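Below, each chain spelled out in residue letters.
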Amino acid sequence: MTAFLPSVKSASSKELADRQFAVLQEAFGQASRSFQTEMADRHQDFLALLKKRGVSLEQWTDYATRALIGGALAGTLLMVPGAKQSPSDAAQTVQAAAPAASAQLAPTEALKPVDVGSELKNLLPDAYQAPTSAGEQQIGQMLSSAFHVSAVPELDGHRLNKVLTVMGGEQHLRRFPGDVASEHTGLSIAPGAGGIAPGNGAYGLWANSKAGLSDEAVNQEQYYIAAQTFLAPGFRDNPNTLYQWFKYRKMIAVNAKTGQACVVDIGDAGPASWTGKSSGGSPEVLDVLGLGEGSRKGPVLLYFIDDPNNTVPLGPIQAQAPVTVSPARGGS
Amino acid sequence: MAETPPYNPENPPSVEQDAALASHVEGPAAPEVAVETARPFAAEFEQFKTESTAEIMDIARLSGAEYSPEQMDQLDELFNRLYVEAYTLTLTPLLAGSNRLGDFVDNPADPQFQRLIEVYGQAELNAQFLAHCQRFLTRLRPQLHRLVPSGADGQAGP
C-alpha cells in the first residue's frame, strides 16, 4: 500500500521505531517541562504547599499519577488512592519505586530541576555586562548541560553581534496575507495579545494563505526572536549567505537574571541600534522568559543550538539534571 | 448555578467565591477512598489518547517503523503522565486561593470534582482539560511528520 524510499528501507523497522520513539519521548518530556514551567510561573501557591510538605513537583506528579491511574506501579506501592497518606509520606514511597515511576526518563534515573538563575549569578555576576570570550564558552557549557542541548555562541563560523542582549517585546508577525493578531491562538497568553506588526518580518510571510500554514510555521512565528543579524560579523561581506543562514536559525534564549529559557528561532531582523535594545522576542517568548509584564525588557542570553537533525522543539524548556534515585532507607 | 461565571484560568475564584462553592452543594462528604470514583475526564482522555495513538501509529507505518510491545507500554505510561499534567493544570486554578488546594495536593484523586462540575459546568471543564492535551499534540505533530520521508505518503512509489 505504501511505498518507501530506498533510504528508509536501509534502516530496519526497529531502528526506525527507536529513532521515532526517541522523538516521542522527547516530546512528552517537553510537555512535562512546559507543565513544570507553567506551574512555577502561575501557581506559586501550589508549589508553596508542596514545599511545606517537603516534596518536589515531580514527586507529587508521580504520586498523583499513581493515585489517579495506578497502572504498572499499583502493584509495587503500598499507598492506595485516597488513603490518608500525605505526599511527604508518599514521596518516600515514590522514591522507593522511582525506577518504575520515571521509566520514561531512564531506568534508574529521575530528573530534578536545575536553578540556572543561580548558576548564572556565578558565571555572569552583572546580568548586563557582556561575558568575556572564555565566559561565553563557560556559560554555553553550563546551558548545554542544564538544558540537554548543544548551546554554542558560534556555529558554522557564524555568530551574532552579541551573546548577551537586551531583549524587548515585539509584536506578532504576519504569517499569511490578511493575518491578524486574533488569529494567533493556542498560546499561553491571550489570543491576540501583543498585537501584530504592520509590515512583514525580515523573512516575509510563511504561507500564501491561512490554509497553507504548516504547524512548523505556526511554531516558528510563535517562538520567534528578532536578532541584529545585520550587525553580525561578516554580514556586510556576505549578506545573502548570512541572511539565509540566520533565517529561522534555532537558538536558546535565557533570561540572564532568572534562568527562564525558551527555544526560539530567528524570525526577524532588528531592533535598530538606536533603540538601546539588541534583540526582540515575540509575545510568547517574552512570556516564557518572564519578561511579559512591566517594562517588557531585560537581559537575555542568545546561544545557537547545534541541532542538525532538528530534534529540539521550539518553546519553553526547563533545566533539569539526572539524579540517581536510591531506595528510601528502611524500605523493604 | 446559572449565575456562576464561566471558568477563566486567568481569574480563578476568590476565597469568597470558593466559600460559596463549598456551600453550594449539600450532601454527604466525598468518600475517603476515591478508587471507586470515576476518574475525572476519563472518557475525554481515552478518546484523545486513542486518536493520538492512531495518529502516531499512522506516522510509524508511513515511515516503516514498528514499535515493540515494550515501547507501546512505555507510550501508555507517557500518556498517563500527560493526563496528570493536563488534569493538574485544569484544576489548580479552580482551587487556588482556598484551603481546598491543600486538599487537592494531599489527595489529587479527589478534587471534589462533582462540585466543580456544578459550578463551572462539565463542558467547560472538559474543554479546558482537552485544550491542555491538544497543546501537546500540536507541538508533537510536526516533529513526528518530519520523520516521514517525502514520498512516503501512501500515494505513489518509485
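See the structure shown above.
This structure is a prediction, so every number in the text was calculated from the model and none was measured.

Calculation rules
- Residues numbered from 1 in each chain as written.
- Chains lettered and ligands numbered in written order.
- Predicted model: local features only at pLDDT ≥ 70, side-chain atom pairs only at ≥ 80, totals over all residues.
- Heavy atoms only, no water.
- Helix = DSSP H or I, 4+ residues; strand = E, 2+ residues; numbered from the N terminus.
- Buried < 20%, exposed > 50% of the residue type's maximum accessible area, 1.4 Å probe, protein only.
- Contact = heavy atoms within 4.5 Å.
- Areas by Shrake-Rupley, 256 points an atom, 1.4 Å probe, with all protein chains shown as cover.
- Core = buried A, V, L, I, M, F, W, Y, C linked by side-chain atoms within 4.5 Å.
- Polar contact = N/O pair within 3.5 Å; in protein donor to acceptor, adjacent residues only side chain to side chain.
- Salt bridge = Lys/Arg side-chain N within 4 Å of Asp/Glu carboxyl O.
- Expected span 1.5 Å × (residues − 1).
- 1 Å grid on protein atoms, 1.4 Å probe; cavity = no way out; pocket = protein on both sides within 12 Å on 5 of 7 lines; lining within 4 Å.
- Points joined across faces, edges and corners; volume = space filled by probe spheres on them.
- Nonpolar A, V, L, I, M, F, W, Y, C, P; charged D, E, K, R; others polar.
- Pairing = 2+ DSSP bridges.

Visitor: Account for the overall build of chain A, naming residues and giving values.
Guide: Along the backbone of chain A there are 11 helices and 10 strands. Within chain A, buried positions represent 51% of all 332 residues. Counting contacts in chain A only where the partners sit at least 6 residues apart, residues at least 24 apart contribute 75% of the total. By element, 51% of the accessible surface of chain A is carried by carbon and sulfur atoms, the whole surface being about 14900 Å².

Visitor: Can you tell me about the nonpolar core, naming the residues and giving the values?
Guide: Membership of the largest hydrophobic core comes to 59 residues, with the highest contact counts inside it found for Phe147, Ile252 and Leu301 of chain A. Not counting residues up to four positions away in its chain, the partners in contact with Leu301 of chain A are Leu120, Leu124, Ile139, Val163, Leu164, Ile252, Ala253, Val254 and Ala256 of chain A. Among the nonpolar cores identified, the runner-up in size contains 58 residues, and Ala67 of chain A together with Leu101, Leu137 and Val148 of chain B belong to it.

Visitor: Quick one: what's the story with the side chain of Asp179 of chain A, residue by residue and with numbers?
Guide: All names here are of chain A. Within the secondary structure layout, Asp179 lies in the loop between β3 (164-169) and α9 (215-222). Asp179 gets classed as buried once you look at its relative accessible area, which sits at 4%. In terms of polar contacts, Asp179 uses its side chain to reach the side chain of Arg175, at 2.9 Å. Filtering out sequence-adjacent residues up to four positions away, Asp179 remains in contact with Leu173, Arg174, His184 and Ile196.

Visitor: I'd like a description of the pattern of salt bridges, backed by residues and values.
Guide: Residue and element names in this part refer to chain A. One pass over the full model with this rule turns up 14 salt bridges over all chains. For Arg33, the salt bridge goes to Glu26, with nearest N and O atoms at 2.5 Å. A relative accessible area of 10% means that Arg33 is categorised as buried. In this structure, the salt-bridge partner of Lys250 is Asp307, at a minimum N-O distance of 2.6 Å.

Visitor: Can you tell me about helix α3 (residues 69-95) of chain B, naming the residues and giving the values?
Guide: In this model, α3 of chain B (27 residues) spans 39 Å end to end at C-alpha, consistent with the 39 Å of a helix rising 1.5 Å per residue. Counting buried positions along α3 of chain B gives 20 out of 27 residues, so the element sits mostly inside the fold.

Visitor: Please set out empty space enclosed by the protein residue by residue, giving values where relevant.
Guide: Residues and elements named next belong to chain B. The full count for this structure, using the stated rule, is two cavities of 30 Å³ or more. Its boundaries defined by the atoms lining it, the second largest cavity holds a volume of some 40 Å³. Along its surface, the second largest cavity is lined by Ser52, Glu55, Ile56, Ile59, Leu137, Leu140, Arg141 and Leu144. Going through the elements one at a time, α2 (42-63) and α6 (122-145) are the ones with two or more residues in the lining of the second largest cavity. Tallied by class, the residues present in the lining of the second largest cavity amount to five nonpolar, one polar and two charged.

Visitor: Can you lay out unusual backbone geometry for me, pointing to particular residues and giving the numbers?
Guide: Residue and element names in this part refer to chain A. Residue Pro271 is bonded to the preceding Gly270 through a cis peptide linkage, with omega at -10 degrees. You will see that His148, though not glycine, has its phi angle at about 60 degrees, which is positive. Within the secondary structure, His148 sits in the loop between α8 (133-147) and β2 (151-152). A positive phi angle, near 50 degrees, is found at Arg296, a position not held by glycine. Turning to its location among the elements, Arg296 is positioned in the loop between α11 (283-288) and β8 (297-305).

Visitor: Please provide a residue-by-residue account of the pairing of β8 of chain A, values included.
Guide: Strand residues, when the strand is regular, have side chains that alternate between the two faces of the sheet. Residue and element names in this part refer to chain A. In terms of burial, β8 is largely enclosed, as eight of its nine residues are buried. Pairing of β2 with β8 involves two bridges; the strand directions are antiparallel. Bridged to Ala151 within β8 is Ile305. Judged from the five bridges that link them, β3 and β8 form a sheet pairing that is antiparallel. Its bridge partner lying in β8, Met167 is registered against Gly298.

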